[in-house]
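The chain contents come next:
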Amino acid sequence: MLTSRERAGLQPTPLAELASSDSALDGERLREAFGDAFLLLDSDVVRPVSEAALQRTAVMNIHSTQQGTRLEDLLVFAVRKSVRNFEPVITLGRSASCDLVIAHPSVSARHALFIVTGHCVALYDAGSTNGTTINGDPVPLRSDAKPLPLTPLSRLRFGSVETTYLDADRLCALIGFARQR
């Protein structure tokens, strides 16, 4: 799914630049640039395969210490099309040909598929070796059932890699929390 800026041929402001700017970041501005679906990953567990994959998947890092509680170093992935192909889904996997690249041995080359319609995001397993879950429940294969819709703060697992699904408003709140010192 392309954002309105991408449809107009404009490159989005890098997510890290939006988050680090002195101006207020709101959900509408974030949605305009990157859509309304984001995944948070612990950066100690996984790193993108290359700098190109970092830029292509609109990744940023969040790190902060707030009132003695350490907010982990997190990678933020925008769930959006980054590979220009004609597939109507957003792919996640270890392969560089996926829209979201997670370089981890437990993640299959093509692990999961996101379906984005309006503000609804749903998930299928793409026939992965190590499975996909939402809040501990197995995600069906695309050929077997309807995709499972995601709700903000859902815990997703791709193989042994755990992520959290956020919408733009919740990501803005997290960035605001991380900015406080």
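Calculation criteria
Residues numbered from 1 in each chain as written. Predicted model: local features only at pLDDT ≥ 70, side-chain atom pairs only at ≥ 80, totals over all residues. Heavy atoms only, no water. Helix = DSSP H or I, 4+ residues; strand = E, 2+ residues; numbered from the N terminus. Buried < 20%, exposed > 50% of the residue type's maximum accessible area, 1.4 Å probe, protein only. Contact = heavy atoms within 4.5 Å. Areas by Shrake-Rupley, 256 points an atom, 1.4 Å probe, with all protein chains shown as cover. Core = buried A, V, L, I, M, F, W, Y, C linked by side-chain atoms within 4.5 Å. Pairing = 2+ DSSP bridges.

This part takes up the overall build of the protein. What the protein contains, in helices and strands, is 5 helices and 12 strands. Counting over 181 residues, the protein shows a buried share of 49%. Residue pairs in contact within the protein that sit at least 24 positions apart in sequence constitute 52% of those at least 6 positions apart. Carbon and sulfur atoms make up 53% of the accessible area of the protein, which totals about 8,900 Å².

Of all hydrophobic cores here, the largest spans 23 residues; its most connected members are Leu 39, Phe 114, Leu 123, Leu 156 and Phe 158. Those elements that provide at least two residues to this core are strand 1 (38-42), strand 3 (69-78), strand 4 (90-93), strand 6 (112-117), strand 7 (120-125), strand 11 (155-158) and strand 12 (161-166). By residue number, the principal contributor to this core is strand 6, which donates 3 residues. Not counting residues up to four positions away in its chain, the partners in contact with Leu 123 are Ala 112, Leu 113, Phe 114, Thr 132, Ile 134, Val 139, Pro 147, Leu 148, Leu 150, Leu 156 and Phe 158. Counting 14 residues, the second-largest nonpolar core is a separate cluster that includes Ala 33, Leu 40, Ala 78 and Leu 174.

Judged by pairing direction, the sheet is mixed, and its 5 strands sit side by side in the order 5-4-6-7-10 without closing on themselves. Two strands in the sheet have a free side with no partner beyond their single neighbour: strand 5 (100-101) and strand 10 (148-149). For strand 4 and strand 6, the ladder comprises 3 bridges, and the chain directions are antiparallel. Pairing of Thr 91 across the sheet is with Leu 113, part of strand 6.

Attention now goes to the environment of Leu 74. Looking at the element boundaries, Leu 74 is found in strand 3. Taking the relative accessible area as the measure of exposure, Leu 74 reaches 13% and is therefore buried. Between the C-alpha atom of Leu 74 and that of Leu 41, which follows or precedes it by 33 residues, the distance is 5.5 Å.

Our focus in this paragraph is helix 3 (residues 27-34). By the burial criterion, the buried members of helix 3 are Gly 27, Leu 30, Arg 31, Ala 33 and Phe 34. Where helix 3 ends, the next residue or the one after it, Gly 35, has phi of about 90 degrees, a positive value.

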